[in-house]
Amino acid sequence: MTAPVAPAQPQPSRADGERALFAREFLRSPLRTASLVPSSAALTARMVAGLPATGDPVVVELGPGTGVFTTAIAERLGGRGRQLAVEVNERLAAALRPRHPGVEVITGAAAELPRLLGERGIDGADAVVSGLPWTVYFDGPRPLAPILAEVLAPGGVLTQFSYPWTAWTPPARRQRAQLRAAFEEVLVTRTVWRNLPPALVYVARRPRPSSSPASAASTTVWEAATASSPSPDASPVSAPAAG
Ligand SMILES: C[S@@+](CC[C@H](N)C(=O)[O-])C[C@H]1O[C@@H](n2cnc3c(N)ncnc32)[C@H](O)[C@@H]1O
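A brief look at the structure comes next. Only a predicted model underlies this, so the values are computations on that prediction, with no experimental measurement involved. (Residues numbered from 1 in each chain as written. Predicted model: local features only at pLDDT ≥ 70, side-chain atom pairs only at ≥ 80, totals over all residues.)

1. A short note on the overall build of the chain
Point 1. Looking only at helices and strands, one finds eight helices and eight strands in the chain.
Point 2. Taking all 243 residues of the chain together, 39% fall into the buried category.
Point 3. The long-range fraction of contacts in the chain, counting pairs at least 24 apart against all pairs at least 6 apart in sequence, stands at 68%. (Helix = DSSP H or I, 4+ residues; strand = E, 2+ residues; numbered from the N terminus. Buried ≥ 20, exposed ≤ 12 C-beta atoms within 10 Å, placed from the backbone. Contact = placed C-beta atoms within 7 Å.)

The structure is reproduced here in structure tokens:
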């Protein structure tokens with residue numbers, strides 16, 4: 001007579017483990033982690049849509065967390081160029097390294113980016129993909145947007161996600177003002193509804209030289225009607241800006 005076989009217990013998936021890690025880090029440091037769950041596949045797709053499809057670009061990710069954007073960037077690059085990820089939280093950075101041996105995972109702060117890239121012989125990034133909370137734009141001795149403009153190559157692109165319902169709060173307005181002052185073009189995508197919470201993406205191009213005075217008149221800002229009907233796959237849209 002054979003012994004009864006116990007039903008197999010479901011094993012937690014890697015995604016479950018990543019969500020648990022992210023939630024733990026959120027509870028440890030809610031302001032710095034800024035989200036209880038990693039970004040969705042829909043937001044991830046929007047964040048990496050503008051990455052160069054050819055050549056050997058240098059792509060820098062800020063605030064990779066558990067690595068949802070990291071994986072998508074690696075897939076898009078397919079071994080081309082150089083991929084770096086700068087994460088201030090050592091536990092998150094340490095968890096990321098073994099899963100992404102092809103990515104230079106750096107424990108450090110976004111504001112240190114010029115030095116971190118300089119030390120690695122990089123004089124210009126082709127893309128910066130930022131999952132940073134907006135507090136990081138204001139909490140250093142220098143605003144963050146001009147630092148990002150400084151490290152980007154002239155043809156480079158910055159993507160940064162944010163939230164539509166906070167768009168008219170003072171910190172969000174200050175963040176947009178910083179981006180407009182540092183970049184000649186700032187696009188805002190339609191709302192990505194398939195994300196918790198729904199999000200939008202700023203796409204900034206043509207970094208201004210740091211010595212050049214920002215000219216609001218020459219700033220091209222296109223904003224989506226962020227409260228428009230769900231359109232998860234839309235590209236940046238061209239509707240005149242309000243803010
Ligand atoms: C909202 S989470 C985004 C995580 C991931 N990119 C995603 O979308 O699921 C913000 C991440 O930024 C990191 N972070 C916060 N401040 C930072 C800083 N000054 N420099 C680098 N990373 C930072 C946090 O530790 C966290 O991993």
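That shown, we press on.
2. Quick look at the site of the ligand
Point 1. Taken together, 23 residues form the shell around the ligand, and within it Pro38, Ser39, Gly63, Gly65 and Gly131 come nearest.
Point 2. Within the residue set of the shell around the ligand, elements represented by two or more residues are helix 2 (30–33), helix 4 (68–77) and strand 2 (82–87).
Point 3. Of the residues belonging to the shell around the ligand, the class tally is 14 nonpolar, seven polar and two charged. (Near = placed C-beta within 6 Å. Nonpolar A, V, L, I, M, F, W, Y, C, P; charged D, E, K, R; others polar.)

3. What to know about the pairing of strand 2
Point 1. Where burial is concerned, most of strand 2 is hidden: five out of the six residues are buried.
Point 2. By the bridge criterion, five bridges tie strand 1 (residues 58–62) to strand 2 in an arrangement that is parallel. Each residue of the ladder has a partner; that of glutamate 61, found in strand 2, is alanine 85.
Point 3. In this region the chain leaves strand 1, passes through helix 4 and returns to the parallel neighbour strand 2; the handedness of that crossover is right-handed. (Pairing = 2+ DSSP bridges. Right-handed = clockwise from strand over helix to strand, strands pointing away.)

4. Concerning the pairing of strand 5 (residues 152–162)
Point 1. Where strand 4 (residues 125–130) meets strand 5, five bridges bridge the pair, whose relative direction is parallel. Residue pairing across strands places valine 129 opposite threonine 159, the latter belonging to strand 5.
Point 2. Note on the crossover from strand 4 through helix 7 (residues 144–151) to strand 5: the handedness is right-handed.
Point 3. Pairing between strand 5 and strand 7 (residues 200–207): six bridges, direction antiparallel.

Honestly, it's all geometry; don't read function into it.
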